[in-house]
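Given next are the chains, with one letter for each unit.
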Amino acid sequence: MAKHIHHNLEFLAAVIIFVLIPPLKAKSEQGKSPPYLKFAFNATEFPSEDYYDYVIIGGGTAGCPLAATLSTNFRVLVIERGGVPYGRPNLMSRDGFLASLTEVDNLDSPAQAFTSEEGVANARGRVLGGSSAINAGFYSRGDPEFFQNSGVSWDLSIVNQSFEWVERAIVFRPDLRNWQSAFRDGLLEAGVAPYNGFSLEHKIGTKIGGTTFDNYGRRHSAADLLNYAKASNIKVALHGTVERILVASASATSLSSKSAVGVVYRDQLGGFHHAMVREKGEVIVSAGAIGSPQLLLLSGIGPRPYLSSWGIPVVHHSPYVGQFLYDNPRNGISIVPPFPLEHSLIQVVGITNAGAYLEAASTVIPFAYPARSVFIRTPSPPLYLTVASLMEKISGPLSVGSLRLASIDIRANPVVRFNYFTNPVDLDRCIAGMRKIAGILSGRSMDYFKFTDMGGRRDFRFVGPALPVYSSDDILMADFCRHTVNTIWHYHGGCIVGKVVNHDFRVIGMDALRIVDGSTFNISPGTNPQATLMMLGRYLGLKIIKERL
Ligand SMILES: Cc1cc2nc3c(=O)[nH]c(=O)nc-3n(C[C@H](O)[C@H](O)[C@H](O)COP(=O)(O)OP(=O)(O)OC[C@H]3O[C@@H](n4cnc5c(N)ncnc54)[C@H](O)[C@@H]3O)c2cc1C
Ligand SMILES: *[C@@H]1O[C@H](CO)[C@@H](O)[C@H](O)[C@H]1NC(C)=O
Ligand SMILES: *[C@@H]1O[C@H](CO)[C@@H](O)[C@H](O)[C@H]1NC(C)=O
């Protein structure tokens, strides 16, 4: 008996230690610098000419896992125009999401703002880890339709291994609090069934997805995947902007084609560097759906007449560079709840069979916050306001946009147009999604978030437009979709498979040049894209190693 008690005390002590130690350990881990810093240097420190097996343009969501994988067998250089996310508190935490996204845009800010011709404000990562270092962290594997319809004959067992490789390093199961739990219940009340619990798969129903924020709210991103690299084989040039891909034509071995031989990049002091590829090596463009088509065009790889109109010498006529650019529209509503809520980014999602995909977030806005807070009236002004949102994005989309140059300066955003809802199917999907949100709002779980007015009536306090009262009216709902369109930042395309690159992600008609990132996607992976993009980087790296060895 005494022994039994003793054991119980030991158990209790173990529990107490278990509960107390992790935060302390976490604190010290926060101070520990990531291993990738050992091979990441300011571009100014690089020689004016150097040779590598693989030169990867852009240390982003796909570029980092690709580089880490190739480094196990080859000499790799990553050239990234931004710095490291490590050491930037807003960037490195879930609660800093909005602050880093809205930080005043200068050449150094990790989120580069851009606005489409439709007037929708958007953002692109400019930091190691790319857009995975500024995003909302939701992690979910691409759906089966993506693997069937993306124009690539995927080896699904390597796809799975690649997802697992990513997940082991940077994917966590989130803790749900008030708003996300209420959203989960609301989805089920509105018939978004079955409930699939926690799952990394994209399947119809309501689920809790993975997240790249750990349980202390700290961000993990594709930059962390560089920690898998073989340090002696890899270098990362930070604050280095690639200005041009260098191409040589017709060697003795491949008479008909042109071959990428290296790149020119520029450091912060304006110095030029050449990074050249060795025999059998390649240049791989991973600059994202905005950066990759832009860099190809500026390198003379694109539609001949268009390049000529800019006076850019044509290196390779590739008629679809910059075409087939897509952005999934986001629409939704926001409310101020009658009591403060926690901060939460996307954890629970609803996947309908009508092409709509539902998400929720709650944002704590300090009262002094510059944007939008001053005109929100609350009963007694609190120091912090919460804004809770329900939103939907559509799958696809089918509406097609395009990209063109605004300048021959690579640092300037190109001009993009997404043509939201020009395909009527997209509009139908949005209407279906917004109706689901109306359904959620009328459910029991959401009642809790209403205010009671002096006459005893209960209603939501909306921030921004409320849904039409008659959500069964197609015309009113279509107007709502068009007038409140926003982005969910899942833009993709511009160098799509089948038009600009082939099923091996090689630029059609050229040697030693591939594009590996979201610009190659002709469809979105159903869910949020980061999981599929990280998988893609790992997958292509494994495939290239297999090809060469
Ligand atoms: C605000 C926001 C929230 C999001 N939320 C989510 C989410 O919760 N879940 C999810 O799955 N997805 C989310 N996404 C989408 C997802 O993050 C992106 O689709 C994905 O990261 C894109 O990956 P990529 O490899 O194609 O490009 P990126 O990750 O953007 O990588 C491109 C890299 O190339 C660099 N680069 C570009 N041009 C040059 C050049 N000329 N020279 C050198 N370097 C260059 C850039 O600095 C960047 O690091 C979000 C995106 C944003 C912006
Ligand atoms: C990179 O090096 C140059 C030259 O020393 C310096 O001016 C610049 O500030 C450095 N950049 C960073 C981010 O350290
Ligand atoms: C890949 O993983 C999915 C989801 O776990 C599974 O359904 C599928 O059978 C796996 N495919 C292969 C080829 O391993």
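Refer to the structure printed above.
Here's a quick rundown of the structure. (Residues numbered from 1 in each chain as written. Chains lettered and ligands numbered in written order. Predicted model: local features only at pLDDT ≥ 70, side-chain atom pairs only at ≥ 80, totals over all residues. Heavy atoms only, no water.)

Moving on, we get to the site of ligand 1. By nearness alone, 36 residues border ligand 1, and Thr61, Glu80, Arg81, Ser131 and Gln530 come closest of all. Between ligand 1 and Ala136, the relevant distance is 3.1 Å, taken from a nitrogen atom to a main-chain nitrogen or oxygen of the residue. When isolated, ligand 1 has an accessible area of 1000 Å², and the protein chains bury 96% of it. Taken together, the elements giving at least two residues each to the shell around ligand 1 come down to strand S5 (121-125), strand S11 (241-249) and helix H13 (530-548). Within the shell around ligand 1, the residues separate by chemical class into 14 nonpolar, 18 polar and four charged. (Near = heavy atom within 4 Å. Polar contact = N/O pair within 3.5 Å; in protein donor to acceptor, adjacent residues only side chain to side chain. Areas by Shrake-Rupley, 256 points an atom, 1.4 Å probe, with all protein chains shown as cover. Helix = DSSP H or I, 4+ residues; strand = E, 2+ residues; numbered from the N terminus. Nonpolar A, V, L, I, M, F, W, Y, C, P; charged D, E, K, R; others polar.)

To continue, consider the site of ligand 3. Around ligand 3, a shell composed of Leu156, Ser157, Asn160 and Glu201 is seen. Within the side chain of Asn160, one N or O atom sits 2.3 Å away from an oxygen atom of ligand 3. Taking Glu201, its side chain carries an N or O atom lying 3.5 Å from an oxygen atom of ligand 3. Here ligand 3, which alone exposes 360 Å², has 38% of that area covered by the protein.

What follows deals with H13. Spacing of three or four residues puts side chains on the same side of an α-helix, whose turn is 3.6 residues. Along its 19 residues, H13 runs 27 Å from first to last C-alpha, staying within 8% of the 27 Å computed at 1.5 Å per residue. Burial runs high along H13: 14 of the 19 residues are buried. (Expected span 1.5 Å × (residues − 1). Buried < 20%, exposed > 50% of the residue type's maximum accessible area, 1.4 Å probe, protein only.)

Within the open sheet, the four strands sit side by side as S22-S21-S16-S27. Their pairing is antiparallel. The open sheet has two free edges, formed respectively by strand S22 (415-417) and strand S27 (492-493), since each of these has just one partner strand. With two bridges joining them, strand S16 (residues 323-326) and S27 adopt antiparallel strand pairing. Counted as the bridge partner of Leu325 is Gly493 from S27. Sheet contacts for helix H8 (residues 288-298): S16, strand S21 (401-404), S22 and S27; angle to S21, the most-contacted strand, approximately 50 degrees. (Pairing = 2+ DSSP bridges. Contact = heavy atoms within 4.5 Å. Axes fitted to C-alpha atoms, helices over the stretch in contact; angles between N-to-C directions.)

Now for empty space enclosed by the protein. All told, the structure shown has one cavity of 30 Å³ or more when counted by the stated rule. Considered as a void within the structure, the largest cavity measures approximately 40 Å³ in volume. Taken together, Phe146, Ser150, Val152, Trp154, Val497, Phe505, Thr520, Phe521 and Asn522 make up the lining of the largest cavity. Taken together, the residues that form the lining of the largest cavity break down as six nonpolar, three polar and no charged. (1 Å grid on protein atoms, 1.4 Å probe; cavity = no way out; pocket = protein on both sides within 12 Å on 5 of 7 lines; lining within 4 Å. Points joined across faces, edges and corners; volume = space filled by probe spheres on them.)

For the rest of this paragraph, the subject is the pattern of salt bridges. Pairing between side chains becomes possible if they bear opposite charge and their charged atoms approach one another. For the structure on display, the rule yields 20 salt bridges. For Arg411, the salt bridge goes to Asp409, with nearest N and O atoms at 3.1 Å. The class for Arg411 is partly exposed, based on a relative accessible area of 45%. Given the relative accessible area of 28%, Asp409 is considered partly exposed. The partner of Arg514 in a salt bridge is Glu547, with the nearest N and O atoms 3.0 Å apart. A residue pair is termed long-range when its members are at least 10 positions apart, and Arg514 in strand S29 (residues 513-515) and Glu547 in helix H13 qualify at 33 residues. Since its relative accessible area comes to 0%, Arg514 is described here as buried. Among the charged side chains, a salt-bridge network with shared partners connects Glu282, Arg506, Arg514 and Glu547. (Salt bridge = Lys/Arg side-chain N within 4 Å of Asp/Glu carboxyl O.)

Relative to strand S13 (residues 272-285), strand S2 (residues 49-57) runs parallel, the two sharing eight bridges. Within S13, the position partnered with Glu49 by the bridge is His274. Linking two consecutive strands that pair antiparallel, namely strand S12 (residues 258-266) and S13, is a turn of five residues; a positive phi of about 90 degrees is found at Gly270 within it. In the sheet, S13 pairs with S29 via three bridges, with the strands oriented parallel. Opposite Ile284, over in S29, you have Arg514 as the bridge partner.

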